[in-house]
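Here are the chains, one letter per residue:
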Amino acid sequence: RSPGKLALSLAMLGSLGLAACSPRGPTTPPIVGTGLVSKPCMLTHSSRLMSLKAECATLEVPENPSGEGRRITLSIVRVPAISERKAADPLFILAGGPGMGAQEMYPTVAAAFSRVGRDRDIILLDQRGTGTSTPLACALDPDGALLRGKEATVEDIDAAARDCLDTLRAKHDVRQYTTSVAVRDLETVRAAIGAERINLYGISYGTRVAQHYLRRHPDRVRSVVLDGVVPPGLALGPAIATDAEAALARIFKRCGAQPACRSAFGDPTATYRSLLERLRTTPREVRLPDPRTGEPRSLRFGHHHLAAVLRLSSYDASQAALLPVALHEAATKENFTPLASSLLMLYGSVGGSIATGMHYSVVCSEDIPFVGAVDRARLAATYMGTEMIDTLQRVCASWPRGPVDADFREPLSTAVPVLLLSGADDPVTPPSYGEAALRGLADARHVVLADAGHGQLGAPCMDKVLRDFIDTAQPSKLDLKCLDKRSTAPFFTSLAGPPP
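If you're wondering where the values come from, they're calculated on a predicted model, not measured in any experiment.

Looking now at the overall build of the protein. Scanning the protein from N- to C-terminus turns up 19 helices and 14 strands. Long-range contacts, defined here as pairs at least 24 residues apart, represent 77% of the contacts in the protein between residues at least 6 apart. Approximately 19,700 Å² of the protein is accessible, and the part contributed by carbon and sulfur atoms is 51%.

Our next topic: the packing of aromatic side chains. Within this structure, the stated rule accounts for six aromatic pairs. Plain terms: the ring middles of Y272 and Y383 are 6.1 Å apart, the flat faces sit at 90° to each other, and that makes the pair edge-to-face. Here Y383 lies in the loop between helix 16 (376-380) and helix 17 (387-396) and Y272 lies in helix 10 (residues 268-281), a separation of 111 residues in the sequence. By the burial criterion, Y272 is buried, and Y383 matches it. A network of ring pairs unites the aromatic residues Y106, F113 and Y201 as a single cluster. Positioned over the ring face of Y177 is R128, at 5.6 Å from the centre of the ring. Sitting over the face of the ring of F370, R409 holds its NZ or CZ atom 4.2 Å from the ring centroid.

The biggest cluster of nonpolar side chains holds 96 residues, and the ones touching the most others in it are L200, V224, F301, L306, L339, Y383 and W399. In terms of residue count, helix 8 (residues 238-256) provides more of this core than any other element does, seven residues in total. For W399, the contacting residues outside a window of four places in its chain are A161, C164, L165, L168, V174, G357, Y360, S361 and C364. Core analysis: the next-biggest nonpolar cluster, separate from the first, contains 42 residues, A54, L91, L457 and C461 among them.

On to helix 11 (residues 303-314). Across its twelve residues, helix 11 extends 17 Å between first and last C-alpha, which sits within 8% of the 16 Å expected from 1.5 Å per residue. Most of helix 11 is tucked away: twelve of the twelve residues are buried. Inspection of helix 11 places H303, H304, H305, L306, A307, A308, V309, L310, R311, L312, S313 and S314 among the buried residues, and these make up the whole buried set.

Time to look at the state of the cysteines. Here the structure, examined in full by the defined rule, presents five disulfides. Between the sulfur atoms of C461 and its disulfide partner C482 the distance amounts to 2.0 Å. Between C461 and C482 the sulfur-sulfur dihedral comes to about 75°; the bridge is accordingly right-handed. Of this pair, C461 sits in the loop between strand 14 (444-449) and helix 19 (462-472) while C482 sits in the segment after helix 19, and the two are 21 residues apart along the sequence.

With respect to the helices, strands and loops of the structure, T382 is situated in the loop between helix 16 and helix 17. Within the structure, the side chain of T382 is placed 2.7 Å from the backbone oxygen of L379, a separation counted as a polar contact.

So, on to the pattern of salt bridges. This structure, assessed with the given rule, holds 36 salt bridges. As a salt-bridge pair, R216 and D405 come within 3.1 Å of each other at their nearest N and O atoms. Placement of the pair is R216 in helix 7 (residues 205-216) and D405 in the loop between helix 17 and strand 13 (418-423), with a sequence separation of 189 residues. For R216, a relative accessible area of 33% translates into the label partly exposed. We note a salt bridge from D471 to R467, for which the minimum N-O separation is 3.9 Å. Of the two residues, D471 and R467 are both situated in helix 19; the distance of four residues between them amounts to about one turn of the helix.

Scoring rules and cut-offs
- Residues numbered from 1 in each chain as written.
- Predicted model: local features only at pLDDT ≥ 70, side-chain atom pairs only at ≥ 80, totals over all residues.
- Heavy atoms only, no water.
- Helix = DSSP H or I, 4+ residues; strand = E, 2+ residues; numbered from the N terminus.
- Contact = heavy atoms within 4.5 Å.
- Areas by Shrake-Rupley, 256 points an atom, 1.4 Å probe, with all protein chains shown as cover.
- Phe/Tyr/Trp six-rings, centres within 6.5 Å; stacked < 30°, edge-to-face > 60°.
- Buried < 20%, exposed > 50% of the residue type's maximum accessible area, 1.4 Å probe, protein only.
- Lys NZ or Arg CZ within 6 Å of the ring centre and 35° of its normal.
- Core = buried A, V, L, I, M, F, W, Y, C linked by side-chain atoms within 4.5 Å.
- Expected span 1.5 Å × (residues − 1).
- Disulfide = S-S within 2.5 Å.
- Polar contact = N/O pair within 3.5 Å; in protein donor to acceptor, adjacent residues only side chain to side chain.
- Salt bridge = Lys/Arg side-chain N within 4 Å of Asp/Glu carboxyl O.

Structure (structure tokens):
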């Protein structure tokens, strides 16, 4: 995958992980709701160390909402509640991306929903175009150009996207994979499982889907959790680089506020900027064992690689804790192994989890057409530069636009209870986005976790917070004292670890 592809994949990316849904158990299938027949199956964590019992089903819907033409298959998984006296309103989980499937995501975050799952079914609908729901997947660069040291140009990425479009067009109308169409699918599935009302959890791009479903079907929604909020009306693209830069600055400021980190590394911001400029002219050849396989690897590490490490590491505080020492090793000792190892580990976690065609269908219909004037000088001053917006605008100039509801970008006003979650150091959906979405919500609470990145499911006691909110649907009465006991991962001050 090229640097631009990586950036696009992470533009609205939420939680990462891979899962497989495969039939298991008896041949007589149980019934899911009133309109679907399911088969027992297992959801398997990407590590292959954990599996979850579930029920898998499929549902055919028209690709075009008009009902004309071909039909596509939606993949639905139910993780059944433990209690035999379960609540009637299940929880639907909406994944990020855009382009990730909920069934890929869930096994990596299942612990956060363990308490909710005692009393409620959890429904994992792979949004059309993702996962196993007629995925619009293209192998733009299956060998990983970034990891081979090839720095693809905007023109290279545009050409690959055109090839992707040509391939998909043979079997799909790529216009029919926008949020507005996907929300119709969500309502169809709700009716098929026989749930009068549902609860929604959306992360990152999934918060956009949740809010638009709430706009269309407010009487069908009991409660909503928005984690890493994308407010209605926001055109993602130009601010991604500046938001990422601001998050990195906050992370390094935190290092500067800790005596041990400040003493060891001085100003990490100055270090990374100096290193970035050096790598623009002189990439470094790095040989190292692959941290995932142990096999020898060679990597020509340049400024795109450094930008990828900075961005990927900013998503999670435990990864951010490694940045100052890795930068220091490279800048003062010409030791690029820590940075290269981080890149291989983090890039490997992205894997093929984003359905590229669906990603473009959403972004090129809902975001890029609404981008105004771009402050290129401001973007050029960031470590990501102008590449992301240049690539998106180039690709979207030829990618077909799909249907977007007339009120899609209008502020959302609702009395349905909503819990909003933000990380103070989120590089892609900062807390200001949650505040923007909060304005039209009559019964809502915005919780900002200090020193946290993108997606809050890993926070201690988040399983309790989610259970309590979904049980009561009363955000103002939530007891959040357990979140005060959080501790941020300490910065490593040497390759041996953090100070004692």
